[in-house]
Amino acid sequence: MAAFPKGQDPTALLNEVRSILETIRQKGVPADLVDAAKRKEIAALEFNANGITDLTQSWADALAYSGVDSPADLVKAYRAVTLEQVNALAARILDPAHTITGILTPSGGKSPSIGGNKGPESLLPPPSKDIALPEWAATALADLPKPEPLSQPARYTLKNGITLLVQPEHVSHTIRLYGSIRHNNDLQQPKGKEGVAGLTSDLFLFGSTSHDRLAFAAALDALASDANGGISFSLSTLSSNFDKTLSLLAENELHPAFPAQAFSVLKQQAIASQGGLLQSPGYRFQRAVTKALNQPGDPSLRETTPQTLSSISLADVQSFYKAAYRPDLTTIVVIGDITPEKAKASIEAAFGDWKATGPKPVVDLPARPLSKASKAVIDDPGRVQDTVYLAQTIASGIDNPDRYALEVGNEVLGVGFSSRLMQDLRVRTGMVYSTGSDVAWSANRGAFLISYGSDPDKTGKAHDAALHDVTAMQTAPASENELTNAKAAILRAIPMERASFGGIAGQYLSLIDLGLPLTEPDQRAQAVYSMSAKQVQDAFHHWLRPSEMAQIIRGPASK
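Please read these numbers as outputs of a predicted model, since none were measured by experiment. (Residues numbered from 1 in each chain as written. Predicted model: local features only at pLDDT ≥ 70, side-chain atom pairs only at ≥ 80, totals over all residues. Heavy atoms only, no water.)

### Structural notes on the overall build of the protein
When you go through the protein residue by residue, the secondary structure sums to 22 helices and 11 strands. The C-alpha atoms of the protein give a radius of gyration of 27 Å, which matches the 24 Å a tight globule of 559 residues would have. Projected onto its principal axes, the C-alpha coordinates of the protein cover approximately 65 × 60 × 60 Å. In the protein, buried positions account for 42% of the 559 residues. Counting only contacts in the protein whose residues sit at least 6 apart along the sequence, the fraction spanning at least 24 positions is 81%. When the accessible area of the protein is evaluated, it comes to approximately 29,000 Å², of which 56% is carbon and sulfur surface. Within the protein, one finds 52 positive and 58 negative side-chain charges whose respective centroids are separated by 5 Å. (Helix = DSSP H or I, 4+ residues; strand = E, 2+ residues; numbered from the N terminus. Rg over C-alpha atoms; globule rule 2.2 N^0.38 Å. Buried < 20%, exposed > 50% of the residue type's maximum accessible area, 1.4 Å probe, protein only. Contact = heavy atoms within 4.5 Å. Areas by Shrake-Rupley, 256 points an atom, 1.4 Å probe, with all protein chains shown as cover. Lys, Arg positive; Asp, Glu negative; His and termini not counted. Charge placed at Lys NZ, Arg CZ, Asp CG, Glu CD.)

### A closer look at unusual backbone geometry
One non-glycine residue, Ala 224, adopts positive backbone phi at about 55°. Structurally, the position occupied by Ala 224 is in the loop between α9 (213-223) and β4 (226-228). Even without glycine at this site, Phe 258 takes up a positive phi of about 50°. By the secondary structure assignment, Phe 258 is in the loop between α10 (242-254) and α11 (260-279). Residue Phe 258 is classed as buried on the basis of its relative accessible area of 5%.

### Focus: the environment of Arg 326
Secondary-structure assignment places Arg 326 in the loop between α14 (314-324) and β6 (330-336). Linking Arg 326 and Pro 361, residues 35 residues apart in sequence, is a C-alpha distance of 9.9 Å. Residue contacts for Arg 326: discarding those within four places in its chain leaves Ile 181, Trp 354, Ala 356, Thr 357, Gly 358, Pro 359, Lys 360 and Pro 361.

### Structural notes on the sheet that holds β4
Ordered in space as β1-β2-β6-β3-β5-β4, the six strands form an open sheet in which the pairing is mixed. Bordering the open sheet on either side are β1 (154-157) and β4, each of which pairs with just one other strand. Within the sheet, the average angular offset between the axes of one strand and its neighbour, ignoring direction, is 15°. Across the sheet, helix α2 (residues 31-47) is in contact with β3 (174-181), β4 and β5 (232-238); its angle to β5 comes to roughly 100°. Set on the sheet, helix α15 (residues 340-351) makes contact with β1, β2 (163-168), β3, β5 and β6; between it and β2 the angle comes to about 145°. (Pairing = 2+ DSSP bridges. Axes fitted to C-alpha atoms, helices over the stretch in contact; angles between N-to-C directions.)

### Overview of the layout of surface pockets
With a probe scaled to a water molecule rolled over the atoms, the places where space remains empty come into view. The space that makes up the largest pocket amounts to roughly 1,100 Å³. In this structure, the largest pocket is lined by 30 residues; those nearest its centre are Asp 130, Ser 418, Asn 481, Glu 482 and Asn 485. For the lining of the largest pocket, the elements supplying multiple residues, two or more each, are α6 (135-142), α16 (403-414), α17 (420-427) and α19 (480-496). Residues of the lining of the largest pocket, tallied by class, amount to 12 nonpolar, nine polar and nine charged. (1 Å grid on protein atoms, 1.4 Å probe; cavity = no way out; pocket = protein on both sides within 12 Å on 5 of 7 lines; lining within 4 Å. Points joined across faces, edges and corners; volume = space filled by probe spheres on them. Nonpolar A, V, L, I, M, F, W, Y, C, P; charged D, E, K, R; others polar.)

### Focus on α17
Counting buried positions along α17 gives seven out of eight residues, so the element sits mostly inside the fold. Tucked into the core, α17 has its buried residues touching α16, β9 (434-441), β10 (446-454), α18 (459-475) and α19.

Structure follows, in structure tokens:
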């Protein structure tokens, strides 16, 4: 697969792809790449033990697809693969006579014609009354899991301001590191230089001042490790290779190469692709949502254009890096087969010399005025169905005293197939194909969103029905069954959010970014467990404004 800018002739790109495949077919691949691939595949099986889903998939792959008895047998199989086998397979399957090529380009035309007699969706008659569950099922669902305190990581603040969290997990002989630098591109990019943040991040692919792109990749291949620098950075490695991989990551993060030739190429690619992006219906739809929720001049409305990208120099990239990439805004999470003391010593050795310069930037958007009712239609000729967002701001940020009540209420209203929106807009009436709702928070801002997809002639009716459901949440308490099911869904999901190393680290980084304590999930669980229907009703009545929700439609204009 390869991508190219709208309007460009793909012939040269297609020929280059074919040439690469033909070279592999005729000459084979280098032996060192085969060895590196084998190491990576074997290491990946070790990493799969770090998450419930990955571990399950690992066993399914071994038993169902590979015909062996366990992931351990897959390790033996990978070790037995030879260079000659790989090249023989490449020579056999990379046959240009069997190539099928598809080139996808923006249509810019009318909606496609769908053959056949398109009639209404066939729906089973909805139940005329609530269905009573068997006693055993009703009893099980009504038994809410009592909140239990979650384990907490070791927490350190290094001398240069880095926040370090370490959670030992010895389910495998692997270690993962997740790093994040608090930032906000809308606030930190210089005016007229929109796009410099993206170019800066992309340039980390080109290695460090000590290892260029290929040397950096080769060093990681030798360790069967992965490491990626940038505003969000990470590594994954076998326990025995942690310090070596960490050294490479720190080298990339603290001393990026930023080569001039690579900058020139990336800049031209960004200019070409951004022009097409700005014209795309998907971008214009999201832009319309942002405009509906924010006043003119809000930082979130800043836009990267081919003109702003054209004005960016390599010096601008280097200046942005020095201003935005700083240890006192950085959190590093280390999870895996390591002790807190060892992790702290290694991070201090690798990142201890990193220093911040200049004043700490503001990275949280300010509070904003309440949004008002509005309507926007984004024409998308390539679609036959409308996608609709109904959106409003909430007059609060993450410190909202009713955010847990709003979460429980949102579960009743628009999460899952048993939600009110799904039942009223799809199951009973067939007005929409899918629907849901969400409440989103940042430090100083909140928003409420309903989404649905429908035929254009049903968009208006679905809009009225969705707002009716919101109003009903405000005027009467949820039923006992609705409340119990919503609370159970949230409480049972909390431990599953930590079912992998990535899930654990993602939760910690999100809490730090929002300025919340690491014990917030425990507070959330306790609040949900004791939530009443009256609290939910009052929260919806106080914070949500169904008559002031903006409507943004993408697709054929509604009828």
